[in-house]
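Each chain is listed here by its residues.
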Amino acid sequence: MKSQIELRIPSQQVYLGVPDAVLMELATDLSCEQKVIDELSTSVIEACTNAMEHGNAMQENLQVEIHFHLEEDSIQVTVLDNGKGFDFLHWQPPADLMRERGRGILIMREFTDSLEFDYDANGRFRVRLTKHFNSKT
Amino acid sequence: MKIKERKREGVAILELSGKLMGGPDSEAFNQTLQALIHEGVKNFIVNLERVKWVNSTGLGILISGYSTVRKNGGELKLLKVSDRIENIFIVSKLYTVFQSYDDEEEAVSSFS
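In this text the structure is predicted, and so the values were computed from the model without any measurement. (Residues numbered from 1 in each chain as written. Chains lettered and ligands numbered in written order. Predicted model: local features only at pLDDT ≥ 70, side-chain atom pairs only at ≥ 80, totals over all residues.)

## Digging into the interface of chain A and chain B
1) Next: Facing 20 residues of chain A, the contacting portion of chain B comprises 20 residues.
2) Next: Counting only elements with at least two residues in the side of chain A that touches chain B, the list comes to helix H1 (17-27), helix H2 (34-55) and helix H3 (104-111) of chain A.
3) Next: For the side of chain A that touches chain B, the element with the most residues is H2(A), which contributes six residues.
4) Next: Per-class residue counts for the side of chain A that touches chain B are seven nonpolar, five polar and eight charged. (Contact = placed C-beta atoms within 7 Å. Helix = DSSP H or I, 4+ residues; strand = E, 2+ residues; numbered from the N terminus. Nonpolar A, V, L, I, M, F, W, Y, C, P; charged D, E, K, R; others polar.)

## Observations concerning the sheet that holds strand S1 (residues 3-10) of chain A
Residue and element names in this part refer to chain A.
1) Next: Strand order in the open sheet formed by five strands is S1-S2-S3-S5-S4, with antiparallel pairing between adjacent strands. Looking at the sheet topology across the chains shown, the edges are occupied by S1 and strand S4 (114-119). Geometrically, the sheet is characterised by an average inter-axis angle of 15° between neighbouring strands, direction not taken into account.
2) Next: As paired strands, S1 and strand S2 (residues 63-70) are joined by eight bridges and run antiparallel to one another. Bridge pairing links Arg-8 to Glu-65 in S2.
3) Next: With respect to the sheet, H1 is in contact with S1 and S2, its orientation differing from that of S1 by roughly 160°. (Pairing = 2+ DSSP bridges. Axes fitted to C-alpha atoms, helices over the stretch in contact; angles between N-to-C directions.)

## Points about the sheet that holds strand S3 (residues 44-54) of chain B
Whenever strands of a sheet pair, they do so through backbone hydrogen bonds, lying parallel or antiparallel.
All names here are of chain B.
1) Next: Strand order across the open sheet formed by five strands is S1-S2-S3-S4-S5, with mixed pairing between neighbours. In this open sheet, the two strands that pair with only one neighbour each are strand S1 (2-8) and strand S5 (100-101).
2) Next: Its contacts with the sheet place helix H2 (residues 56-71) against strand S2 (11-20), S3 and strand S4 (76-79), and it is angled at close to 175° to S3.

## Focus on H2(A)
All names here are of chain A.
1) Next: The first and last C-alpha atoms of H2 sit 30 Å apart over 22 residues, in line with the 32 Å expected at 1.5 Å per residue.
2) Next: Of all 22 residues in H2, 18 are buried, a share of seventy percent or more.
3) Next: At the exit of H2 stands Ala-57, carrying a positive phi of roughly 50°. (Expected span 1.5 Å × (residues − 1). Buried ≥ 20, exposed ≤ 12 C-beta atoms within 10 Å, placed from the backbone.)

## A word on the packing of helix H1 (residues 24-38) of chain B against H2(B)
Residue and element names in this part refer to chain B.
1) Next: Where H1 meets H2, the axes come as close as 10 Å, and the angle between the chain directions of the two elements is 20°. Taken together, the axes of H1 and H2 are roughly parallel relative to one another. Here the hand of the crossing between H1 and H2 comes out right-handed. Seen from H1, the contacting residues are Asp-25, Ser-26, Phe-29, Asn-30 and Leu-33; seen from H2, they are Gly-58, Ile-61, Ser-64, Gly-65, Thr-68 and Val-69.
2) Next: For the contact of H1 with H2, the class distribution of residues is four nonpolar, six polar and one charged. (Parallel < 35°, antiparallel > 145°, perpendicular 65-115°, else oblique. Left-handed = near helix turned anticlockwise from the far one by under 90°.)

## What about the pairing of strand S5 (residues 125-132) of chain A?
All names here are of chain A.
1) Next: Direction of pairing for strand S3 (residues 74-81) relative to S5: antiparallel, over a ladder of eight bridges. Residue pairing in the sheet places Ser-74 in a bridge with His-132 of S5.
2) Next: Pairing geometry for S4 and S5, over six bridges, is antiparallel. Paired with Leu-115 across the bridge in S5 is Leu-129.
3) Next: The loop that links S4 with its antiparallel partner S5 comprises five residues; one of these, Gly-123, has a positive phi angle of about 85°.

## So, the nonpolar core
1) Next: If you look at the biggest cluster of nonpolar residues, it comprises 54 residues, and the most contacted ones within it are Leu40(A), Val44(A), Cys48(A), Val79(A) and Val46(B).
2) Next: For this core, the element with the most residues is H2(A), which contributes nine residues.
3) Next: Ignoring anything within four residues of it in the chain, the contact list for Val44(A) reads Pro19(A), Leu23(A), Val77(A), Val79(A) and Leu129(A). (Core = buried A, V, L, I, M, F, W, Y, C linked by C-beta atoms within 7 Å.)

## Concerning unusual backbone geometry
1) Next: Phi at Ala57(A) takes a positive value of approximately 50°, unusual for a residue other than glycine.
2) Next: Residue placement: Ala57(A) occurs in the loop between H2 and S2.
3) Next: On the basis of neighbour count, Ala57(A) is assigned to the exposed category, with 12 C-beta atoms found within 10 Å.
4) Next: A positive phi angle, near 55°, is found at Lys80(B), a position not held by glycine.

As structure tokens, then:
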């Protein structure tokens with residue numbers, strides 16, 4: 001089973017539930033634990049939150065593009081925005097436990113089997129999150 | 001996110017529902033806390049049973065609320081945290097900050 005779904009959502013938080021709904025629907029036909037899908041979906045919501053806030057500066061006319069690549073034993077989700085990205089090679093999690101922001105990358109890193117940041121051929125910032133169905137992360 | 005509030009034995013119980021994700025949610029939650037603190041309420045229980053998911057911005061709302069309540073001499077505790085949300089508290093180490101309960105009566109009596 002291999003398939004791909006593409007989705008574009010406006011940069012408004014109210015649409016953050018859309019990629020979650022897609023993943024939950026896909027999960028009904030997959031033989032993997034709910035925890036695996038929950039962790040991937042939580043990570044995708046974080047990637048989309050960052051794409052809206054930092055990438056597209058919450059400009060409603062700028063869309064966040066999301067690709068779901070369904071493989072035999074994994075799902076890879078790609079999230080694209082129009083921003084400049086960040087210095088992901090030198091990123092370190094903030095130390096203050098009581099900080100109110102800055103946990104998104106940590107959550108994505110902990111909940112996925114692979115997390116990659118780069119730019120696509122058109123210069124858009126790209127986050128790729130991969131989760132295997134038998135993931136133990 | 002929707003907020004439903006009630007009181008039990010002097011403890012404010014805030015029942016959240018929907019998605020906890022920052023933006024207007026932050027303002028609504030903070031205003032609710034401030035109004036209750038103004039009424040003299042010190043201790044709070046936030047029931048997350050009907051919250052579908054939380055993102056990192058939503059976590060920030062709970063952290064901000066926790067700090068606000070503590071500054072006023074009270075405690076903010078969580079009730080009925082789903083497995084999905086609990087998992088986020090674990091990876092972010094916030095489980096070391098928030099006390100969490102599965103039973104409302106037990107949560108309320110923990111303040112006495």
